[in-house]
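Chain by chain, the residues run as shown.
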Amino acid sequence: MRAVICLALTLVLASQAAFLSERQKRASPDCPEECTSKPLEISFVVDASASIWPGNFIKCLTFIEDFTGLFKISPEAVRVSLVTFGERAYSEDAFGLSTHGSNQDLKAAIASIVYRSGVRTNTAAGIRFMLEHHLPEIRQGVRHVAIVITDGQSQEKNETKMAANAAHTAGVEVFAVGVGHKVSIPELHNIASDNRHVFTVTSYDVLESIKKRLAYEACDVPSYPECEMDPVDLSFVIDSSVSIGKDNFTAGMDFVKNFVDSFQVSQSAVRVSAVTFGEDVNLEDAFDFDTHESKKDVLDRLQRIPWRHGTRTNTGAGIAYMRDMQMPKARASAAHVCIVLTDGKSQEVEETRREAAEAKTDGIVMYAVGVGKLGQQLDLAELNNIASDPSKVLTVDNYSKLNLIKENLINVTCQGILASIHAKGNRLKLQL
């Protein structure tokens, strides 16, 4: 008996160790190991105009200190330059790529920069100063990235666009970081090299939330999933009807949690909302994109959603709630994605088709995950009506097999996310 118990305990511990190993493998470090010492030129162009206020400017400098602290600063590895701007570029505070050759010296230099409270936001002047004074210092064959951080919009929009275009033409990979609610999203997209190089945060307090994604993008090292840290507002519309049963509903929610666990959940990256439905939506279980800010809180909330054994399958009501009540809180520049999880055909087929069509018209990328036998519980035509296109329909025979399609769902979801971000960014550029 002892031998059996020991064997069982060994198997349990091995299973737990394998699970933890898999999670650790999936959990990407803040900076890719191969990137910390790889030669790289990083130029910061930092807004120091009056709208920022001294406290926020200090928070911005602290973020830059923390970000550059991820790298080995040396003449042979990573080098950093910086210039601040307001009504002009403040050359008196600027330093070049070859000025500081260690992490300690760089950190001290960043901390000593003075807040100038500029009377204008002349972003173009900051970018041009970087091009004229820091670009000539770059080492041949070494990647050069510029990170522009601003909390507003420039008064000279065309000048900013032309300066950014000059940087792009010169081979500088430009990232645009917008802070707060007054920043011009279209201008950020014109500054950045492409639409995935745009970052937005609600305040200087949460700049830290973009540090990991910015490090991976600056190093040009892919994460997994590819869209793990992209700005996405992801909504789940989940069937809670009586045909599912409590055990299957629990398995479905475990699948949703495992899927969410693959992404970086934060207010600047992936945000999550959810609603369940039966004969109607279960309002008491729904939560919005801004309800939970951390992955742990989202996963805990998903864990607490109960099976409501609804007497009907009103899929259209769930989609309508998502579109009318949750997506209005989505970020304008984020990809808007909805995954519908259901085990059967809705009773209101036309309503489901109509609500899904309206969601797609609103720019929501729709996915349909069906559980059951096609032609029996599942109607492939209805799943195709829900999804944005047939590639976004995934099916399994039963809830125990959902994890078999997780990687496929992640991959096709990322494809939709990246396409949405690029298309949305291109539309935003035209708004200026």
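Going by the structure above, here's the rest.
Notes on the structure in this doc start here. (Residues numbered from 1 in each chain as written. Predicted model: local features only at pLDDT ≥ 70, side-chain atom pairs only at ≥ 80, totals over all residues. Heavy atoms only, no water.)

1. Some remarks on the overall build of the protein
Per the secondary structure count, the protein includes 13 helices and 10 strands. The C-alpha atoms of the protein give 24 Å as radius of gyration, which agrees with the globular expectation for 432 residues (22 Å, within 12%). Overall size of the protein, expressed as C-alpha extent along the three principal axes, is 70 × 60 × 35 Å. For the protein, the residues scored as buried account for 56% of the 432 residues in total. For the protein, the share of sequence-separated contacts (at least 6 apart) that also reach a separation of at least 24 residues comes to 79%. Entry remark: accessible area of the protein is about 18500 Å², with carbon and sulfur atoms responsible for 53%. Each charge class in the protein can be summarised by its mean position, and for the 45 positive and 55 negative side chains these summaries are 2 Å apart. (Helix = DSSP H or I, 4+ residues; strand = E, 2+ residues; numbered from the N terminus. Rg over C-alpha atoms; globule rule 2.2 N^0.38 Å. Buried < 20%, exposed > 50% of the residue type's maximum accessible area, 1.4 Å probe, protein only. Contact = heavy atoms within 4.5 Å. Areas by Shrake-Rupley, 256 points an atom, 1.4 Å probe, with all protein chains shown as cover. Lys, Arg positive; Asp, Glu negative; His and termini not counted. Charge placed at Lys NZ, Arg CZ, Asp CG, Glu CD.)

2. Here we look at the sheet that holds strand β1 (residues 40-47)
Pairing within the open sheet is parallel, and its five strands lie in the order β2-β1-β3-β4-β5. Both edges of this open sheet fall to β2 (78-85) and β5 (198-201), since each of them pairs with a single strand only. This sheet shows a mean twist of 15° between the axes of neighbouring strands, independent of strand direction. Pairing geometry for strand β3 (residues 144-150) and strand β4 (residues 173-179), over six bridges, is parallel. In the strand pairing of β4, I149 is matched with V177. (Pairing = 2+ DSSP bridges. Axes fitted to C-alpha atoms, helices over the stretch in contact; angles between N-to-C directions.)

3. Thoughts on the packing of aromatic side chains
This structure, assessed with the given rule, holds seven aromatic pairs. With a centroid separation of 6.1 Å and an interplanar angle of 85°, the aromatic rings of F44 and F67 are classed as edge-to-face. Of the two residues, F44 is situated in strand β1 and F67 in helix α2 (residues 54-68); the sequence distance between them amounts to 23 residues. Owing to a relative accessible area of 0%, F67 belongs among the buried residues under this scheme. (Phe/Tyr/Trp six-rings, centres within 6.5 Å; stacked < 30°, edge-to-face > 60°.)

4. Description of the nonpolar core
I42, F44, F67 and F71 are the most contacted members of the largest nonpolar core, which has 45 residues in total. Among the elements of the structure, β1, α2, β2, α3 (103-111), β3, β4, β5 and α7 (211-219) are those that each provide at least two residues to this core. F71 has contacts with C31, C35, T36, L40, I42, V78, N103 and C219, leaving out every residue within four places of it along the chain. In this structure, V260, I305, L409 and C414 belong to the second largest nonpolar core, which totals 42 residues. (Core = buried A, V, L, I, M, F, W, Y, C linked by side-chain atoms within 4.5 Å.)

5. Examining the state of the cysteines
Tallied over the full model, the rule gives two disulfides. Disulfide pairing places C227 opposite C414 at an S-S distance of 2.0 Å. The S-S bond linking C227 to C414 shows a torsion near -70°; that makes this disulfide left-handed. Taken together, the positions of C227 in the loop between α7 and β6 (232-239) and C414 in helix α13 (residues 406-429) put the pair 187 residues apart, joining distant regions of the chain. According to the relative accessible area criterion, C414 is buried, its value standing at 5%. Indicated for the protein is the disulfide connectivity 1-2, 3-4, based on numbering the bonded cysteines in sequence order. You can see C338 has no disulfide; the closest cysteine sulfur is in C227, sitting 16 Å from it. (Disulfide = S-S within 2.5 Å.)

6. Structural notes on the sheet that holds β6
Spatially, β7-β6-β8-β9-β10 is the arrangement adopted by the five strands of the open sheet, whose pairing is parallel. The sheet is open, and its two borders are formed by β7 (270-277) and β10 (393-396), each paired with just one other strand. Here the average twist between neighbouring strands, direction ignored, is 15°. Note: strand β9 (residues 365-371) against β10, four bridges, orientation parallel. Paired with V371 across the two strands is V396, which belongs to β10. Together, β6, β7 and β8 (335-342) form the strand contacts of helix α8 (residues 246-260), whose direction differs from that of β6 by roughly 170°.

7. Digging into the pairing of β5
Burial of β5 is two-sided: the residues V198 and T200 facing one way and the residues F199 and V201 facing the other way are all buried. One ladder, built from four bridges, connects β4 with β5; its direction is parallel. Bridge pairing links V179 to V201 in β5.

8. Focus on the packing of α2 against α7
Between α2 and α7, the least distance of the axes is 11 Å, while the angle of their chain directions is 55°. With respect to each other, α2 and α7 are oriented oblique. Taken as a pair, α2 and α7 cross one another with a handedness that is right-handed. Residues F63, D66 and F67 of α2 pack against K211, L214, A215 and A218 of α7. Per-class residue counts for the contact of α2 with α7 are five nonpolar, no polar and two charged. (Parallel < 35°, antiparallel > 145°, perpendicular 65-115°, else oblique. Left-handed = near helix turned anticlockwise from the far one by under 90°. Nonpolar A, V, L, I, M, F, W, Y, C, P; charged D, E, K, R; others polar.)

9. Some words on the side chain of T160
Here T160 is to be found in helix α5 (residues 157-169). The residues touching T160, leaving out its near neighbours within four places in the chain, are T123, A124, I127, S154, E187 and I191.

10. Brief notes about helix α11 (residues 349-361)
The end-to-end C-alpha distance of α11, which contains 13 residues, comes to 18 Å, matching closely the 18 Å that a straight helix rising 1.5 Å per residue would cover. In this structure, the buried residues of α11 make contact with α10 (315-326), β9 and α12 (380-386). Where α11 ends, the next residue or the one after it, G363, has phi of about 90°, a positive value. (Expected span 1.5 Å × (residues − 1).)

11. Describing the side chain of S74
Inspection of the secondary structure puts S74 in the loop between α2 and β2. Separated by 3.0 Å, the side chain of S74 and the backbone nitrogen of A77 make a polar contact. Setting aside chain neighbours within four positions, we find S74 in contact with R79 and G101. (Polar contact = N/O pair within 3.5 Å; in protein donor to acceptor, adjacent residues only side chain to side chain.)

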